[in-house]
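The lines below spell out each chain.
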Amino acid sequence: MNPKNLLNLLIILFATTAFAQKTNAEKLIGCWVLKSMNYSKPLPDKLKLSKEAMNSTVCFDVDGKFITELGGENPLTVKGNYNLSVDGKTLSQSREVKDHDTDEEAEITQLDEKKLALTLEFGTMIFEKK
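Residues numbered from 1 in each chain as written. Predicted model: local features only at pLDDT ≥ 70, side-chain atom pairs only at ≥ 80, totals over all residues. Heavy atoms only, no water.

Caption draft 1: Quick peek at the overall build of the protein. The secondary structure content of the protein amounts to three helices and eight strands. In the protein, the succession of α and β elements from N to C terminus is α-α-β-α-β-β-β-β-β-β-β. Classification of the 130 residues of the protein by burial places 28% in the buried group. Counting only contacts in the protein whose residues sit at least 6 apart along the sequence, the fraction spanning at least 24 positions is 40%. Accessible surface, the protein as shown: approximately 9100 Å² in total, 56% of it carbon and sulfur. (Helix = DSSP H or I, 4+ residues; strand = E, 2+ residues; numbered from the N terminus. Buried < 20%, exposed > 50% of the residue type's maximum accessible area, 1.4 Å probe, protein only. Contact = heavy atoms within 4.5 Å. Areas by Shrake-Rupley, 256 points an atom, 1.4 Å probe, with all protein chains shown as cover.)

This is how it looks when you write it as structure tokens:
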């Protein structure tokens, strides 16, 4: 193969790979189930918190809206809006809880087709794609 053809082939391969990769915004869309929580500092009721939160579901849509279904003894549905930072590494949520907005930010420490890890002040939450 001559060098010109090899160069053209490499350009095509790199361009195809770049376009085939999804952005974090695209990968985030869909529903995620909470599978584990790893706490970075001691919390007095972390076992109760974990038990209540496990298997909760959060769904993100393309219009910047989310809905969270919390299970446990006191089921709760939370709706709101979300957005990602320009670099796709920070998830911000504005949610309605009892007639007032609550804002949260989390660092996306892992996001692929099957797993989402969000790190907050208290620790890391691990989700699996539903």
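Caption draft 2: Spotlight on the state of the cysteines. A complete count under the given rule lists one disulfide for this structure. Linked covalently through their sulfurs, Cys31 and Cys59 form a disulfide whose S-S length is 2.0 Å. Disulfide Cys31-Cys59: torsion about the S-S bond near 110 degrees, hence right-handed. Pair noted here: Cys31 is in strand S1 (residues 30-39) and Cys59 is in strand S2 (residues 57-60), with a separation of 28 residues, a long-range link. Residue classification places Cys31 among the partly exposed positions, given a relative accessible area of 26%. (Disulfide = S-S within 2.5 Å.)

Caption draft 3: The pairing of strand S4 (residues 76-84), seen in detail. With six bridges joining them, strand S3 (residues 65-70) and S4 adopt antiparallel strand pairing. Within S4, the position partnered with Glu69 by the bridge is Thr77. From the end of S3 to the start of S4, which pair antiparallel, there are five residues, and Gly72 there has a positive phi angle of about 80 degrees. (Pairing = 2+ DSSP bridges.)

Caption draft 4: Structural detail: the nonpolar core. Formed by 20 residues in total, the largest nonpolar core has its most connected members in Leu28, Trp32, Phe60, Leu91, Leu116, Leu118 and Phe127. Breaking this core down by element, the ones donating at least two residues are S1, S2, S4, strand S6 (100-111), strand S7 (115-119) and strand S8 (123-129). Here this core gets four residues from one element, more than from any other, and that element is S1. (Core = buried A, V, L, I, M, F, W, Y, C linked by side-chain atoms within 4.5 Å.)

By themselves these figures say nothing about function.
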